[in-house]
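Take a look at the letters that make up each chain.
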Amino acid sequence: MSDLIRKSVQAMSGYVPGEQPKEEGLVKLNTNENPYLPSPDVQDILSMIDVAALSRYPDPVCLELRKAIAELHGCEVENVFVGNGSDEVLALCIRAFVERDGSVGYFDPSYSLYPILSDIEDVEKRPIALGAAFDWQMPEDYSASLFFLTNPNAPTSLKFSRENVEPFVQAFNGVVLIDEAYADFADENCMDLALANNNVLVARTLSKAYSLAGIRLGYCVGNAELIGAMYKIKDSYNVNYLTQEIARVAILDQDTMRANVHAIVETRKRVVDKLSELGFEVCDSQSNFLWVKPPGTTAKALFEELRKKNIIVRYFGTDERTKDYLRITIGTAPEMFKFLDVVEELMRDA
Ligand SMILES: *Cc1c(COP(=O)(O)O)cnc(C)c1O
């Protein structure tokens, strides 16, 4: 049987997304979703959509949506690619920019999808271990065909500073995709580097800051030639009609996104203070989640105790670099108060 399946596919393991349990009353802090409602314009556009439009194929190149994105970032439509989630954008980058004997680079730890996408395309992986404090560490003679640079990084929540990123992308001989899934929660970003350097793409998603993980829309901005290569190889209709309509109005309403981000950043501060007070090691988050090491117990034990109390966070087990930490999404203020109460209670009983 197995000889029907490509060897590289047999050898790889698939990506395991965070659980999406359907139980009532669960505090869900495990997949970095946004707990607030998206723009009210999303509800309006949904009520206005004519179902007759669904019998036609959608715009294959998403022109209206790309215009809105180009306007937002001060670039041309030719500088914008939109995909079925930024996960599709990442996969297309490997297919467009990495030869069969080429290689894909990324930091370790970072987004765990990168090695899997590389395995799917059966290309070499060149991970670089971050420093002891999950800080920037780049060997002098490093090279790869494509580098995925998550900034702010996941699951560590930390931002790499421009002093590291800018000289790196300028000296790098391949394409750098800066994955800015969390940039809206940070105090700076690298979007300008995509417009100033021919080998740099910056990817964003509507899944986190815009509260729209369910519609699957991600995009990247950069040099028109790189963007054109991605358009050549994508599926003909990679972004469906409903998603194009919803994403466009959400992008146009920056105020709602900013207000939700502000609420999350405020809550983040309070949770950081409280966890630090309880003796947790808390990384300096520039995202909508925290990366923490609990005191006096293991991350695994705390993960399990929280689960018993109907609070679900993310534990990355096994891997030596991540096994002592938990990743905690910032939910609403009431959700986080409940989380802190339970943590405090567990710490007292420990
Ligand atoms: C969530 C996330 C993505 C995925 O975004 P989608 O648009 O939902 O596919 C990409 N990169 C990183 C680092 C993420 O955390």
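Read on for a plain summary of the structure. Note that the coordinates shown come from a computational prediction; the quantities given were computed from them, not determined experimentally. Throughout this description, residue numbers start from 1 for each chain and increase along the sequence as written. Local features in this predicted model are restricted to residues of pLDDT 70 or higher, and side-chain atom pairs are both shown and tallied only at a pLDDT of 80 or more, whereas totals for entire chains, interfaces and linings draw on every residue. Side-chain metrics rest on all non-hydrogen atoms present in the structure, leaving aside hydrogens and water.

**Describing unusual backbone geometry**
Move 1: Between Asp 108 and Pro 109 the backbone carries a cis peptide bond, its omega angle lying at 0°.
Move 2: Strands here are runs of E lasting at least two residues and helices are runs of H or I lasting at least four, both read from the DSSP assignment and numbered beginning at the N terminus. Among the secondary structure elements, Pro 109 is positioned in the loop between strand 3 (103-108) and helix 5 (113-121).
Move 3: Here the residue pair Asn 151 and Pro 152 is connected by a cis peptide bond, since its omega of -5° sits within 30 degrees of zero.
Move 4: Secondary-structure assignment places Pro 152 in the loop between strand 5 (146-150) and helix 6 (162-171).
Move 5: In this structure, Phe 134 takes a positive phi of about 60° despite not being glycine.
Move 6: Tracing the backbone shows Phe 134 in the loop between strand 4 (124-129) and strand 5.

**Describing the environment of Pro 21**
Move 1: You can see Pro 21 is positioned in the loop between helix 1 (7-11) and strand 1 (27-28).
Move 2: Expressed as a C-alpha distance, the spacing of Pro 21 and Ile 312, which sit 291 residues apart in the sequence, is 9.3 Å.

**Regarding the sheet that holds strand 10 (residues 289-293)**
Move 1: Here we have four strands laid out as an open sheet, ordered 9-10-13-12, and antiparallel in their pairing. Where the open sheet ends on each side, the last strands, each with one partner, are strand 9 (281-282) and strand 12 (314-315).
Move 2: Pairs of strands are assigned from DSSP output, requiring at least two bridges between the strands. Sheet analysis places strand 12 next to strand 13 (residues 326-329), joined by two bridges and oriented antiparallel. Looking at the pairing, Arg 314 lines up with Arg 327 of strand 13.
Move 3: In this analysis, two residues are considered to be in contact whenever any of their non-hydrogen atoms come within 4.5 Å of each other. Comment: axis = line fitted to C-alpha atoms, over the contacting stretch for helices; angle = value between 0 and 180 degrees taken between N-to-C directions. The sheet contacts of helix 10 (residues 254-277) involve strand 9 and strand 10, and relative to strand 10 the element is tilted by about 5°.

**A look at the pattern of salt bridges**
Move 1: Every case where a carboxyl oxygen of Asp or Glu lies within 4 Å of a side-chain nitrogen of Lys or Arg is listed as a salt bridge. This model, assessed by the stated rule, comprises 22 salt bridges.
Move 2: With its nearest N and O atoms 3.6 Å apart, the salt bridge here joins Glu 166 to Arg 162. Linking Glu 166 with Arg 162, this pair stays in helix 6, spanning four residues, or about one helical turn.
Move 3: Members of the salt-bridge network, linked through shared partners, are Glu 19, Glu 23 and Arg 307.

**Topic: the state of the cysteines**
Move 1: Note on terminology: disulfide denotes any pair of cysteine sulfur atoms within 2.5 Å. Enumeration according to the criterion identifies zero disulfides in this entry.
Move 2: Of all cysteine sulfurs in the structure, the one in Cys 220 sits closest to Cys 190, which takes part in no disulfide; the separation is 15 Å.
Move 3: Here Cys 220 stays free of any disulfide, with the sulfur of Cys 93 as its closest cysteine sulfur at 5.4 Å.
Move 4: Only protein chains enter the calculation, and the probe is 1.4 Å; a residue is then buried if its accessible area is under 20% of its type maximum, exposed if over 50%, and partly exposed in between. Under the relative-accessibility criterion, Cys 220 is labelled buried at 0%.

**Let's talk about the environment of Val 27**
Move 1: Within the secondary structure layout, Val 27 lies in strand 1.
Move 2: When residues no more than four places from it in sequence are discounted, the contact partners of Val 27 are Asn 310, Ile 311, Ile 312, Glu 335 and Lys 338.

**As for the side chain of Ser 110**
Move 1: Along the chain, the position of Ser 110 falls in the loop between strand 3 and helix 5.
Move 2: Judged by relative accessible area, which is 12%, Ser 110 ranks as buried.
Move 3: One polar contact links Ser 110 to Asn 153, side chain to side chain, over a distance of 3.1 Å. A 3.5 Å cut-off defines polar contacts: any pair of N or O atoms within that distance qualifies, except that in protein one atom must be a possible hydrogen donor and the other a possible acceptor, and neighbouring residues in sequence count only when both atoms are side-chain atoms.

**Considering the site of the ligand**
Move 1: Proximity is defined per residue: any heavy atom of the residue falling within 4 Å of a molecule or strand makes that residue near it. Inspection of the region around the ligand gives Gly 85, Ser 86, Asp 87, Tyr 111, Thr 150, Asp 179, Ala 181, Tyr 182, Thr 205, Ser 207, Lys 208 and Arg 216 as its neighbouring residues.
Move 2: Asp 179 places a polar side-chain atom, nitrogen or oxygen, 2.7 Å from a nitrogen atom of the ligand.
Move 3: In this structure, an oxygen atom belonging to the ligand sits 2.6 Å away from a side-chain N or O atom of Tyr 182.
Move 4: For the ligand, whose accessible area on its own is 390 Å², the fraction buried by protein is 93%.
Move 5: For this classification, Asp, Glu, Lys and Arg are treated as charged, while Ala, Val, Leu, Ile, Met, Phe, Trp, Tyr, Cys and Pro are nonpolar and the rest, including Gly, are polar. For the shell around the ligand, the residue count by class is three nonpolar, five polar and four charged. For the area figures, the Shrake-Rupley method with a 1.4 Å probe applies, and any residue is considered shielded solely by the protein chains shown.

Everything listed is a geometric property; what it means functionally is a separate question.
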